[in-house]
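Observations on the model geometry
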Amino acid sequence: MNFILPFLPLIKRIMLPLHIINQNKGTLKTEDILEIKRRLATQQRIAIVIHYNPDGDAIGSALALKMFFQQKGHQADILSPNNFPTYLSWMPQSETIYIATQQFDTCQKIIELADMIFCLDFNAFNRIGVLENLLTDTKKFKVLIDHHIDPMPYFDISYSNSEQTSSTCELVYRFIADKMQEPEAINKAIAECLYVGIITDTGSLSYSCNHPSTYSVVSALVAQQIDCEQIHRLVYDTFSESRIRLLGYCLSNRLHIREEYATSFIFLTQKDLNTFHYQQGDTEGIVNYGLSIKTIRFTAFFTERDDRIRISFRSKGNFDVNRFARQHFNGGGHKNASGGNSYDDMVTTIAKFEALLKRYQQELLTPWD
């Protein structure tokens, strides 16, 4: 059966009715805004769903949206497929997030009772782990807010923008302040959550942030008297000793360079993770170190999981890792940052990756400055 897994997202899309495929173009039209406002005019039960292995953008956007809905008198619950990194546990109301791997029955009940489901920071149901079948099967009204390209067409309303957008948190700010026309709802707690999502999805404003609108949003968040320096410390300066040693091991023992392709990669086996007492979030950001080498244009980070090899891709310039991930590793994301999966073992997966580099050699070596 494993050979079918990489094709499931395509199979599910092919099976969707044509009218559903055509009704979503990924933009928030006037009629979409009016429909959301109409539904929110009465008290709603709202489920907010985020992606598997949630990061700062997923957690930040979900918490901010939850607090906005609470202000309006709605009942809002956040469902995460699995646990989130401990360095995000300081965030307002993070303790209220339901973890599906631990509280599946509760998550199922929340979806069954929901009037609306808001899906944040993912563009396809195959990114939500154990919650996938629940969302696939339910007929509840679904709203997508996301910044990844090519959102799947099974949402009733999609607010999806991958151009000139740093993060889903930036879109949530625009949703509240501009689309719902309630900028006064952005209080300090909501601003803190949105700021976390923006800085974590841009590497503290070092990539995916060449847009004036992003800085306009950041300015509005800072105006709420948030402590940006303290937030940075809470997110980036709370790692465990074992996490730092894992990073050192990656760079000294698992970093491989392929100069002829301007490429690097790092890999970690399950044994490696166990040796360094891996906790959720410990590998966050490690992929970027391979790209920090001057001569490297493309990097990958392979991590062995129970049922797959999880792969993160990063690139500089015009090399499109979203396209690379989609074509070869059942993944996707952004032009310069994406992810994928392999259902082969580590040795086979890396061999496939290295074999593909030859196909892209000319593109990888073409000057882009």
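What you are looking at is a predicted structure, and each value in this text was computed from that prediction instead of being measured.

A word on the overall build of the protein chain. The secondary structure content of the protein chain amounts to 16 helices and 12 strands. Here the C-alpha atoms of the protein chain give a radius of gyration of 20 Å, agreeing with the 21 Å that 2.2 N^0.38 yields for 369 residues. Expressed along its principal axes, the backbone C-alpha trace of the protein chain runs to roughly 60 × 50 × 40 Å. Taking the intrachain contacts of the protein chain between residues at least 6 apart in sequence as the baseline, contacts between residues at least 24 apart amount to 66%. As presented, the protein chain carries roughly 17,100 Å² of accessible surface, and 50% of it is formed by carbon and sulfur atoms. Taken as two groups, the 37 positive and 41 negative side-chain charges of the protein chain have centres that lie 4 Å from each other.

Let's shift gears to helix α5 (residues 104–113). Turning to α5, its buried residues number three or more, namely Cys-107, Ile-110 and Ile-111. Take α5 and look down its axis: the buried residues cluster within an arc of 95°, on one side only. Buried residues along α5 sit against β1 (45–49), β2 (75–80), β3 (98–99), β4 (116–120) and α6 (132–137).

The contact between helix α8 (residues 188–201) and helix α9 (residues 212–222) brings their axes to 9 Å, and the two run at 145°. Here α8 and α9 pass one another in a crossing that is left-handed. Contacts between α8 and α9 involve Ala-191, Leu-194, Tyr-195 and Ile-198 on the former and, on the latter, Thr-214, Val-217, Val-218 and Leu-221. Looking at the contact of α8 with α9 residue by residue, the class counts come to 7 nonpolar, 1 polar and no charged.

Turning our eyes to something else, we now look at the nonpolar core. Ranked by internal contacts, the top residues of the largest apolar core, which has 56 residues, are Ile-48, Leu-65, Phe-118, Phe-175 and Leu-221. With residues near it in sequence (within four places) discarded, Ile-48 still touches Ala-62, Leu-65, Lys-66, Phe-69, Ala-76, Asp-77, Ile-78, Leu-79, Phe-118 and Leu-120.

What follows covers the packing of helix α4 (residues 56–71) against α8. Between α4 and α8, the least distance of the axes is 7 Å, while the angle of their chain directions is 160°. Overall, the two elements α4 and α8 adopt an arrangement that is roughly antiparallel. The chirality of how α4 crosses α8 is left-handed. The residues of α8 that touch α4, namely those facing Gly-56, Asp-57, Gly-60, Leu-63, Ala-64, Met-67, Phe-68 and Gln-71, are Ala-189, Ile-190, Cys-193, Leu-194, Val-196, Gly-197, Thr-200 and Asp-201. Taken together, the residues of the contact of α4 with α8 sort by class into 9 nonpolar, 5 polar and 2 charged.

Turning our eyes to something else, we now look at the pairing of strand β10 (residues 309–315). Among the 7 residues in β10, 5 count as buried, and that is most of the element. Relative to β10, strand β9 (residues 298–304) is paired through 7 bridges, and the arrangement is antiparallel. Looking at the pairing, Thr-299 lines up with Arg-314 of β10. Here β10 runs beside strand β12 (residues 337–342); their pairing, made up of 6 bridges, is antiparallel. Pairing of Arg-314 across the sheet is with Ala-337, part of β12.

Analysis parameters
- Residues numbered from 1 in each chain as written.
- Predicted model: local features only at pLDDT ≥ 70, side-chain atom pairs only at ≥ 80, totals over all residues.
- Heavy atoms only, no water.
- Helix = DSSP H or I, 4+ residues; strand = E, 2+ residues; numbered from the N terminus.
- Rg over C-alpha atoms; globule rule 2.2 N^0.38 Å.
- Contact = heavy atoms within 4.5 Å.
- Areas by Shrake-Rupley, 256 points an atom, 1.4 Å probe, with all protein chains shown as cover.
- Lys, Arg positive; Asp, Glu negative; His and termini not counted.
- Charge placed at Lys NZ, Arg CZ, Asp CG, Glu CD.
- Buried < 20%, exposed > 50% of the residue type's maximum accessible area, 1.4 Å probe, protein only.
- Arc of directions from axis to C-beta.
- Axes fitted to C-alpha atoms, helices over the stretch in contact; angles between N-to-C directions.
- Left-handed = near helix turned anticlockwise from the far one by under 90°.
- Nonpolar A, V, L, I, M, F, W, Y, C, P; charged D, E, K, R; others polar.
- Core = buried A, V, L, I, M, F, W, Y, C linked by side-chain atoms within 4.5 Å.
- Parallel < 35°, antiparallel > 145°, perpendicular 65-115°, else oblique.
- Pairing = 2+ DSSP bridges.

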